[in-house]
Amino acid sequence: MTPRVSGQLALVTGASSGIGEAIARRLAGDGANLVLWARREKRLTRLAEEIAAPGGVAVDIGVVDVRDRDAVRDEAERLIAARGAPDILVNNAGLAAGMALVHDAEVDDWDRMIDTNVKGLLYVTRAFLPAMVERDSGQVVNIGSITGRQVYPGASVYAATKYAVQAITEGTNLDVLGTGVRVSGIHPGLVDTEFSLVRFKGDEDRARAVYKGLEPLTGADVAEVVSYVVNAPPHVNLADVVVFGESQGSVHHFHRDGG
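Summarised in this report is the structure supplied together with it. Throughout this document, residue positions are counted from 1 along each chain, in the order its sequence is written. Predicted model: local features are reported for residues with pLDDT of at least 70 only, side-chain atom pairs are reported and counted for 80 or more only, and whole-chain, interface and lining totals are derived from all residues. Side-chain metrics rest on all non-hydrogen atoms present in the structure, leaving aside hydrogens and water.

### What to know about helix 1 (residues 18–29)
Where we set the bar: The way it works is that DSSP assigns letters per residue, a run of H or I at least four long becomes a helix, a run of E at least two long becomes a strand, and they are numbered from the N terminus. A helix is expected to span 1.5 Å for every residue after the first. The cut-offs for exposure are 20% and 50% of the maximum accessible area for each residue type, with area from a 1.4 Å probe on protein chains only; residues under the lower value are buried, those over the upper are exposed, and the others partly exposed.
Compared with the 16 Å implied by 1.5 Å per residue over twelve residues, the 17 Å span of helix 1 between its first and last C-alpha is a close match. Looking at helix 1, one finds that the buried residues are Ile 19, Gly 20, Ala 22, Ile 23, Ala 24, Leu 27 and Ala 28. Remark: Gly 31 follows helix 1 within two positions and exhibits a positive phi of approximately 90 degrees.

Laid out in structure tokens, this is it:
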């Protein structure tokens, strides 16, 4: 059976690595045409070349930092003028910066997380949602985190940004009720990507220790969930999805080999 999203246009932010890259590959496999946004042009270009030819899908890239409101607006206007608003918007761009206690944390780390995870998501959503509402169709998928429901030490501000994603997702769903636009939140647990390497500012040993002794989710696992959500029948909205690897029971509970 042909996936429902085949031939549709999907925009993925934070698409140059990790979950975003996996989502791009999975949606291309579903036959969706893609617009990929991220800050790293070389990675975007390579990814676009890899996924366009085998699937025969159209892939466009935009070198966009979602923290830059003007850049988001300008690139969105360009896309809408050329191809119309995307049928699917995946707000994936996000990060954790540092893991210090709130009284020891770097304020610059707070700004980076808030500007990317909250304000960036809002800038992108605001740029495309009006056209979706006017068209009376569309799907917004916000990639949150289990940390938007359960907090752990050293993650107060990161968790606050993901609690915000949860609230924005729920609120947007209410705001677009009756318009034909669906809004879904997908909230993964531990995923083995560059996430921890970015959080610990390149400390590879500390990043590897996060996943030691367990089998976390992969970006491809989360992408599979995204595919399931966007391919649901138009009258079905999977509004809130939490996904763990089998080694995780909550943000605090893991089963590690030997432990």
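### Remarks on the side chain of Arg 182
This is how it is decided: Charge assignment: positive for Lys and Arg, negative for Asp and Glu; neither His nor the chain ends contribute. Counted as salt bridges are all cases of a side-chain nitrogen of Lys or Arg within 4 Å of a carboxyl oxygen of Asp or Glu. Contacts were defined at the residue level, with two residues in contact if any of their heavy atoms lie within 4.5 Å.
Mapped onto the secondary structure, Arg 182 falls in strand 6 (residues 181–188). Buried within the structure, Arg 182 lacks any salt-bridge partner; Asp 87 is the closest side chain of opposite charge, at an N-O distance of 10.0 Å. Sequence-distant contacts of Arg 182, that is, excluding residues within four places in its chain, are made with Arg 4, Gly 138, Gln 139, Val 140, Val 229, Val 230, Ala 232, Pro 233, Pro 234, Val 236 and Asn 237.

### Some thoughts on the packing of aromatic side chains
The cut-off we apply is this: Each Phe, Tyr or Trp ring (for Trp, its six-membered ring) is paired with any other whose centre lies within 6.5 Å, and the angle between the two planes then decides the class: stacked below 30 degrees, edge-to-face above 60, tilted in between. Lysine NZ or arginine CZ positioned within 6 Å of the ring centre and within 35 degrees of the ring normal marks a charge as sitting over the ring.
Tallying each qualifying case throughout the model produces one aromatic pair. Between Trp 37 and Phe 128 the ring centres are 5.8 Å apart and the planes differ by 50 degrees, which places this aromatic pair in the tilted class. A residue pair is termed long-range when its members are at least 10 positions apart, and Trp 37 in strand 2 (residues 33–38) and Phe 128 in helix 4 (residues 107–135) qualify at 91 residues. The two residues Trp 37 and Phe 128 agree in class, both being buried. In this structure, Arg 256 packs its charged tip against the face of Phe 254, placed 5.4 Å from the ring centre.

### What to know about helix 8 (residues 219–230)
Taking 1.5 Å as the rise per residue, helix 8 with twelve residues should run 16 Å; its terminal C-alpha atoms sit 17 Å apart, in good agreement. Turning to helix 8, its buried residues number three or more, namely Gly 219, Val 222, Ala 223, Val 225, Val 226, Ser 227, Val 229 and Val 230. Looking at the buried side of helix 8, the elements it contacts are helix 1, strand 4 (88–91), strand 5 (138–143), strand 6 and strand 7 (240–243).

### Details of the environment of Ile 88
Inspection of the secondary structure assignment puts Ile 88 in strand 4. By relative accessible area, which is 1% here, Ile 88 ends up buried. Taking the C-alpha atoms as reference points, Ile 88 and Glu 134, 46 residues apart in sequence, are found 15 Å from one another. With residues up to four places along the chain from it excluded, the contact list for Ile 88 reads Val 5, Gln 8, Leu 9, Ala 10, Leu 11, Met 132, Gln 139 and Val 230.

### As for the side chain of Ser 250
We count it as follows: Under this definition, polar contacts are N or O atom pairs within 3.5 Å; protein pairs additionally need one hydrogen-donor-capable and one acceptor-capable atom, and for neighbouring residues in sequence, both atoms have to be side-chain atoms.
Within the secondary structure, Ser 250 sits in the segment after strand 7. Separated by 3.0 Å, the side chain of Ser 250 and the backbone nitrogen of His 252 make a polar contact. For Ser 250, the contacting residues outside a window of four places in its chain are Gln 150 and Phe 244.

### Remarks on the pairing of strand 6
Counted only if it meets this: At least two DSSP bridges between two strands are needed for those strands to be called paired. For a crossover, the right-handed case is the one in which the path from the first strand over the helix to the second runs clockwise, viewed with the strands pointing away from the viewer.
Taken across its eight residues, strand 6 has eight buried, putting it largely inside the fold. As paired strands, strand 5 and strand 6 are joined by six bridges and run parallel to one another. From the neighbouring strand, Gln 139 faces strand 6, where its bridge partner is Arg 182. Of the crossover connections in this fold, the one passing from strand 5 over helix 5 (residues 156–175) to the parallel strand 6 is right-handed. Where strand 6 and strand 7 come together, four bridges link them in parallel fashion.

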